[in-house]
Amino acid sequence: MKVAVFGLGYVGTVTAACLASQGHDVWGVDVDAAKVGEVRAGRSPVAEPGLEELIARAVAGGSLHATMSCRDALDRAEVSLVCVGTPSAAGGATDLSYLRRSVNDIVGVLRTGTPPPTGHHSVVIRSTVPPGTINDVVSPALADGLATAQTAAGAAMCPEFLREGSGVADFFASPLVVVGTSDPRVAETVTCLFSFLGQPARVVGPRTAESLKYACNAFHATKVSFANEMSRLLRVAGVDSREVMSLFCEDHVLNISPAYLRPGFAFGGSCLPKDLRSLLHLARTNSVDLPMLAGTLATNELTISDVVDRVAVSDGRNVALLGLSYKMNTDDLRESPNAELAERLIGKGFDVRIYDPVVNPARLVGANRRHIEAKLPHLGRLLTHKPGDALRGADVAIVSSVDPAIRAALLAAPPGRLIDLNGRLGAEIESLPGYEGIGW
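Everything in this summary refers to the structure shown in the same document. (Residues numbered from 1 in each chain as written. Predicted model: local features only at pLDDT ≥ 70, side-chain atom pairs only at ≥ 80, totals over all residues. Heavy atoms only, no water.)

1. A word on the pairing of strand E10 (residues 351–355)
Using the following cut-off: What makes two strands pair is DSSP finding at least two bridges between them. By the criteria applied, helices consist of DSSP H or I runs no shorter than four residues and strands consist of E runs no shorter than two, each listed in order from the N terminus. If the strands point away from the viewer and the path from the first strand over the helix to the second runs clockwise, then the crossover is right-handed.
Strand direction decides the pairing type here: strand E9 (residues 318–322) and E10, joined by five bridges, are parallel. For Ala-320, the partnering residue across the bridge sits in E10 and is Arg-353. At this point the chain moves from E9, through helix H13 (residues 337–347), to the parallel E10, and the crossover so formed is right-handed.

This is how it looks when you write it as structure tokens:
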């Protein structure tokens, strides 16, 4: 199909060359005459291994063109890929001026230009943009500008996962093809465009696709900072951080894996809080600053406070807490965020009743018993024998356990506000009136 690529910077040039190598008729558009001239001459305007050879072959074969004319690029084109810069503005906001200009240029040509054979044009954003850009900026511009035009148009967000220095290889081995759109025609067009990658297209809402790239980049930055913070600390402790992290990366069950990457409630238990505090103490005694790890404890505290605040705005004062230990299938209450949540709600005057399928106060021993006696000295009075007993008369149900008995009790309970702390209760529960997930 004919494709117009707006912006011949790093992402745009790699995208244009790779699509052209697969037989698409690709027209790169840029306001910079030097970039356009480089591509026309079969050269790359950006340094990237393997890219210049790809461009030279595509230009020689007639599948890749470069122009400063939007009209030439969009003549009968089915797709526009917008790959322009979205730099930081003052205060850290995203500057969308280049994107707005490109979309307006596209609309101006589509309004009077030759329509594609299908009569429909897909405007696909590849630039990294804040959630809401498609719905609030791109789609309204298309709807307003093309209301009386022959060509209909829809919009999508299709994030790229390219790293400078390995962009060509990354393009052809993309981990995901994500199409964020509410227009099925756009979804079908973009799926067809990238079908040669052999990846199933994940069609999601625009905001999800826009947010995904930010989540990826934030995680990548977090990993770099984590490794560097550990290195700063371990170096002063006389430890080879490279050896530690090399072993760390061999764990594909918990460390390099999807484990712990599902939005939910706070962490707790006998290990994570204690060991983080120990690392931070070691850092302080060695005059090493670890702001990211310190922030991990701070953000964990905010997760608990957020749930307390959400309950506090409720009209009712009766709360059912279904699940007390820090995770399923254990009675370990040491630094359980659920126990902390119960203590805070009681302190704010809520009537809290608790059900946990495993916790039995008579069987708690040692540090586990001492911890819960300090947090909830009247635990025996708060606990119920059945989840239904805790739910009876409750205005708010807070659930951290996926025990089948709890799930059955929730389905049988009268409608009420339900706060799900782990999002694993299933579609039937999520469809109940009053349901809200902590990770939402």
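2. Overview of helix H12 (residues 291–312)
Our working rule: Helix span, as expected, comes to 1.5 Å for every residue beyond the first. Relative accessible area decides the class of each residue, using a 1.4 Å probe on protein chains only: under 20% of the type maximum gives buried, over 50% gives exposed, and in between gives partly exposed.
Compared with an ideal rise of 1.5 Å per residue, which puts 22 residues at 32 Å, H12 spans 31 Å between its outermost C-alpha atoms and is within 8% of the ideal. When H12 is considered as a whole, its buried residues turn out to be Leu-293, Asn-300, Ile-304, Ser-305, Val-307, Val-308, Arg-310 and Val-311.

3. Overview of a nonpolar patch on the surface
What counts is decided by this rule: Surface patches are defined over residues having more than 30% relative accessible area and no salt bridge, joining like charges when they lie within 9 Å and nonpolar side chains (Val, Leu, Ile, Met, Phe, Trp, Tyr) when within 5 Å. Surface accessibility in these figures is a Shrake-Rupley result with a 1.4 Å probe; residues are shielded only by whichever protein chains are displayed. Throughout this description, the term salt bridge denotes a Lys or Arg side-chain nitrogen within 4 Å of a carboxyl oxygen of Asp or Glu.
A grouping of Val-253, Leu-254 and Tyr-260 is seen on the molecular surface, where their side chains present a nonpolar patch of about 370 Å² in accessible area. Note that Val-253 resides in the loop between helix H10 (241–248) and helix H11 (272–285).

4. Quick word on the nonpolar core
Going by this rule: Here the nonpolar core consists of buried residues drawn from Ala, Val, Leu, Ile, Met, Phe, Trp, Tyr and Cys, with membership extended through side-chain atoms lying within 4.5 Å. Any two residues having at least one pair of non-hydrogen atoms within 4.5 Å are treated as being in contact.
Grouped together as the largest cluster of nonpolar side chains are 37 residues, with contacts concentrated most on Val-3, Leu-19, Val-26, Leu-64, Leu-81, Phe-171 and Phe-194. If one sorts the elements of this core by residue count, helix H1 (residues 10–21) sits on top with eight residues. Every residue in contact with Val-26, bar those within four places of it in the chain, is listed here: Val-3, Val-5, Ala-16, Leu-19, Ala-20, Ser-63, Leu-64 and His-65.

5. Some remarks on unusual backbone geometry
A positive phi is found at Asn-329, a non-glycine position, where the angle reads about 65°. Positive phi outside glycine occurs at Glu-335, with the angle close to 50°. One can find Glu-335 in the loop between E9 and H13. Residue Glu-335 is classed as partly exposed on the basis of its relative accessible area of 28%.

6. Regarding helix H9 (residues 206–236)
In this model H9 runs 46 Å from its N-terminal to its C-terminal C-alpha over 31 residues, within 8% of the 45 Å that 1.5 Å per residue would give. What H9 keeps buried is the set Pro-206, Ala-209, Glu-210, Lys-213, Cys-216, Glu-229, Met-230, Ser-231, Leu-233 and Leu-234.

7. Regarding the packing of H1 against helix H3 (residues 51–61)
When two helices pack together, their arrangement is given by the angle between their axes and by how far apart the axes lie. Applied cut-off: Every axis in this analysis is a line fitted to C-alpha atoms, fitted for helices over the stretch in contact. Angles between the N-to-C directions lie between 0 and 180 degrees. To sort the angles, those under 35 degrees are grouped as roughly parallel, those over 145 as roughly antiparallel, those from 65 to 115 as roughly perpendicular, and the leftovers as oblique. Crossing chirality is assigned from the near helix's rotation relative to the far helix, an anticlockwise turn below a right angle marking it left-handed and a clockwise turn marking it right-handed. Each residue receives one of three labels: charged for Asp, Glu, Lys and Arg, nonpolar for Ala, Val, Leu, Ile, Met, Phe, Trp, Tyr, Cys and Pro, and polar for the others, Gly being one of them.
Remark: H1 packs on H3, axes separated minimally by 9 Å, with the N-to-C direction vectors making an angle of 50°. Considered as vectors, H1 and H3 are oriented oblique to each other. In this structure, H1 crosses over H3, and the sense of that crossing is left-handed. Between H1, through Thr-13, Val-14, Ala-17, Cys-18, Ala-20 and Ser-21, and H3, the contact on the second element is made entirely by Leu-51, Leu-54, Ile-55 and Ala-58. Of the residues that constitute the contact of H1 with H3, the class distribution is eight nonpolar, two polar and no charged.

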